[in-house]
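As a plain string of letters, each chain reads:
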Amino acid sequence: MSDDQVLTGPGTQPRRALLAGAGAVGASVLLTACGGGGSGDGGAAPTSGGPGATAGDAGGGDRHGASSLATTSDIPVGGGRVLAAEGVVITQPEAGQFKGFDPICTHQGCPVSNVDGGTINCTCHNSRFSITDGSVKQGPATRPLAPKQLKVQGDQISLA
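Note that residues are indexed from 1 along each chain, following the sequence as it is written. In keeping with the model being predicted, local features are shown solely for residues with a pLDDT of at least 70 and side-chain atom pairs are shown and tallied solely at 80 or more, while totals for entire chains, interfaces and linings include all residues. The side-chain figures draw on all heavy atoms in the structure; neither hydrogens nor water molecules are used.

Turning to the pattern of salt bridges, a few remarks are in order. Definition used for salt bridges: Asp or Glu carboxyl oxygen within 4 Å of a side-chain nitrogen of Lys or Arg. Tallying each qualifying case throughout the model produces 1 salt bridge. Here R81 ties to D74 by a salt bridge, and the two come within 3.7 Å at their closest N and O atoms. Look at D74 and you get buried, because its relative accessible area is 15%. Three exposure classes are used, based on accessible area relative to the maximum for each residue type with a 1.4 Å probe and protein chains only: buried under 20%, partly exposed in between, and exposed over 50%.

Glancing now at the sheet that holds strand 8 (residues 119–122). Two strands form a pair only when DSSP identifies at least two bridges running between them. Numbering of helices and strands starts at the N terminus; helices are DSSP runs of H or I of at least 4 residues and strands are runs of E of at least 2. Taken together, the 4 strands give an open sheet; going across it, the order is 7-8-9-10, and neighbouring strands pair in antiparallel fashion. Every other strand in the sheet has two partners, leaving strand 7 (114–116) and strand 10 (136–138) as the edge strands with one partner each. Ignoring which end each strand starts from, the neighbouring axes of this sheet average 35° apart. To obtain each axis, a line is fitted to C-alpha atoms, and for helices this fit is confined to the stretch in contact; angles are then taken between N-to-C directions over 0 to 180 degrees.

We now examine the environment of T142. Along the chain, T142 falls in the loop between strand 10 and strand 11 (147–148). Along the chain, T142 and H107 lie 35 residues apart, while their C-alpha atoms are 7.0 Å from each other.

Attention now moves to the pairing of strand 4 (residues 79–83). Among the 5 residues that make up strand 4, 5 are buried, leaving the element largely enclosed by the rest of the structure. Here strand 4 shows no split at all, with G79, R81 and L83 on one side and G80 and V82 on the other all buried. Sheet topology places strand 4 next to strand 5 (residues 88–94); 5 bridges connect them, and they run antiparallel. Residue pairing across strands places R81 opposite I90, the latter belonging to strand 5. What sits between strand 4 and strand 5 in their antiparallel hairpin is a turn of 4 residues, with G87 showing a positive phi close to 75°.

With that settled, the discussion passes to the state of the cysteines. Throughout, disulfides are identified as pairs of cysteine sulfur atoms within 2.5 Å of each other. The full count for this structure, using the stated rule, is 1 disulfide. Not part of a disulfide, C105 finds its nearest cysteine sulfur in C122, a span of 3.9 Å. A relative accessible area of 5% means that C105 is categorised as buried. The exposure class of C122 is buried, given its relative accessible area of 1%.

Below, the discussion takes up the nonpolar core. V89, C105, V112, V115, I120, F129 and L145 are the most contacted members of the largest nonpolar core, which totals 13 residues. Residues are treated as being in contact if the distance between any of their heavy atoms lies within 4.5 Å. Each residue touching L145, except ones within four places of it in the same chain, is listed here: F101, D102, I104, C105, T106, V112, I120, F129 and G134. In plain words, nonpolar cores are sets of buried Ala, Val, Leu, Ile, Met, Phe, Trp, Tyr and Cys residues tied together by side-chain atoms within 4.5 Å. With 9 residues, the next largest nonpolar core counts L69, L83, V88 and L150 among its residues.

Let's shift gears to the confidence of the model for the protein chain. Confidence of the predictor at the level of single residues is given by pLDDT, which spans 0 to 100. Across the protein chain, pLDDT averages 72, with 59% of residues at or above 70. Per-residue pLDDT stays below 50 along residues 24–65; that stretch engages in 40 contacts with residues further than four places along the chain or on separate chains.

A few words now on the environment of G139. Mapped onto the fold, G139 is located in the loop between strand 10 and strand 11. What G139 contacts, discounting residues up to four positions off in sequence, is H125, N126 and S127.

Here is the structure:
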C-alpha cells in the first residue's frame, strides 16, 4: 500500500480520499465567499424591474432552442437580468432596446450581482455600471463592462 493509500480514521478511508474531500470543502467555502449575495440561492442573481422578475430562466429551461437566453418579456424596461451561467447581463434601457454586457466587474473580476435602479451592480466593492452602455456610474471600477452582441428574433433573445 503506497503512502497516499494509507487507511486513516474510523471510516478507514484512504488519505487520498480524505484530502480530496478537504479540498472540495475549501473550494466551496471560497466560492461561497466570492458569491457576494449571501442569499443561499445557489447563485441566482437578484433582478430589478417589478413583480415576477427573476434571475436565470424563469420558464424552467430551453426557450425555443438552445441558443435562446430569454424572452423579451423576461427583461424589464429600465432594468435587466444577470444570466451568470450564460455569461451575459441583458438590459432593456428603453422599451424594445436590448443591450448585452459581460457579467464580470472590471474592478477586480467579481461577478456582477444584480440590475437595480438603472445600474448593473457589483456588490463586491459597490461598483455600478450603466444599463445603456456599460459605462462606470460609480467606482471603484474605472473601465466599462465589455459589450456583448445580442440578437432579438421575435420575442427571443440570444447572443449574436
